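So you can see what is in the structure, the chains are spelled out below.
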Amino acid sequence: MNKITCICLGVRSMERAVTFYRDKLGFCTDCKENNPPVCFFDTPGTKFELYPLDLLAKDIHPTDPPIPSNGFGGITLTYNVDSKQKVQEVIALVREAGGRIVKEPQDVFWGGYHAYFADLDGYFWEVAWGPDFKYDENGLLVF
């Protein structure tokens, strides 16, 4: 077991989340509906999924579902880019799309440049550039 094939975010409003990711941030999907029962996005190497939060909790445990909260769950998603300028461009796009900028773009102790934002459901994303980041032919980060 050495791969992640799908990352699923439980969302409070499918319509709002699909609009944010598909229409405003430009994530690629075959999903044409604005309020689908589930939506998968095509990202290099891993599928990205949106699913109603209450149904996801019930899917985990039908009789004792975990209680969703707005608190930090100890996980972040990261979008790595190939320049400092791209970090600033992505954060500007997120701001325009209605995401909450948690940490403005800035230099970081490990020599890179990054920022954090929260999506419409409070999931935290890091947008990061590093001077030693390399990418393969599919755009995947190589260390």
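The rules behind these values
Residues numbered from 1 in each chain as written. Predicted model: local features only at pLDDT ≥ 70, side-chain atom pairs only at ≥ 80, totals over all residues. Heavy atoms only, no water. Pairing = 2+ DSSP bridges. Helix = DSSP H or I, 4+ residues; strand = E, 2+ residues; numbered from the N terminus. Buried < 20%, exposed > 50% of the residue type's maximum accessible area, 1.4 Å probe, protein only. Arc of directions from axis to C-beta. Contact = heavy atoms within 4.5 Å. Axes fitted to C-alpha atoms, helices over the stretch in contact; angles between N-to-C directions. Polar contact = N/O pair within 3.5 Å; in protein donor to acceptor, adjacent residues only side chain to side chain. Phe/Tyr/Trp six-rings, centres within 6.5 Å; stacked < 30°, edge-to-face > 60°.

**Student:** Mind showing me how you'd approach the pairing of strand β2 (residues 39-43) here?
**Tutor:** A regular strand places its side chains so that they alternate between the two faces of the sheet. Across five bridges, the pairing between β2 and strand β3 (residues 46-52) is antiparallel. Within the sheet, the bridge partner assigned to F40 lies in β3 and is E49. In textbook terms, the turn of a hairpin is the stretch between consecutive antiparallel strands, and for β2 and β3 this stretch comprises two residues, one of which, G45, has a positive phi near 90 degrees.

**Student:** For this particular structure, what's the right way to read helix α1 (residues 14-24)?
**Tutor:** Residues of α1 that are buried include every one of M14, A17, V18, F20, Y21 and R22, and no others. The buried residues of α1 all sit within an arc of 165 degrees when viewed along its axis, so they share a single face. Tucked inside the fold, the buried residues of α1 contact β1 (6-11), β2, β3, α3 (84-97), β6 (113-118) and β7 (124-129).

**Student:** What is the right way to look at the sheet that holds β6 in this model?
**Tutor:** Neighbouring strands of a sheet are bound in pairs by backbone hydrogen bonds; such pairs are parallel or else antiparallel. A sheet is described by the order of its strands in space; here four strands give the open sequence β4-β7-β6-β5, paired in mixed fashion. The strands lining the two open edges of the sheet, one partner per strand, are β4 (77-80) and β5 (100-107). Averaged over all adjacent pairs, the angle separating strand axes in this sheet is 15 degrees, with direction ignored. Where β4 lies against β7, four bridges are found, and the strand directions are parallel. Note on β7: the bridge partner recorded for T78 is E126. Where α3 meets the sheet, its contacts fall on β4, β5, β6 and β7, and the angle it forms with β5 comes to roughly 165 degrees.

**Student:** Please clarify how the side chain of R22 should be interpreted in this entry.
**Tutor:** Tracing the chain through its elements places R22 in helix α1. A distance of 2.7 Å separates polar atoms of two side chains, one belonging to R22 and the other to D23. A distance of 3.0 Å separates a polar atom in the side chain of R22 from the backbone oxygen of E33. Not counting residues within four places of it along the chain, the set of residues in contact with R22 comprises F27, T29, C31, K32, E33, N34 and F41.

**Student:** Sorry if this is basic, but what is going on with the packing of aromatic side chains here?
**Tutor:** Tallying each qualifying case throughout the model produces twelve aromatic pairs. Ring geometry for Y21 and F48: centres 5.1 Å apart, planes at 75 degrees, overall edge-to-face. One end of the pair, Y21, is in helix α1; the other, F48, is in strand β3, and 27 residues separate them in sequence. Grouping residues by exposure puts Y21 and F48 together as buried. Ring geometry for F27 and F41: centres 5.8 Å apart, planes at 75 degrees, overall edge-to-face. Here F27, found in the loop between α1 and β2, pairs with F41, found in strand β2; they are 14 residues apart in sequence, far enough to count as distant.

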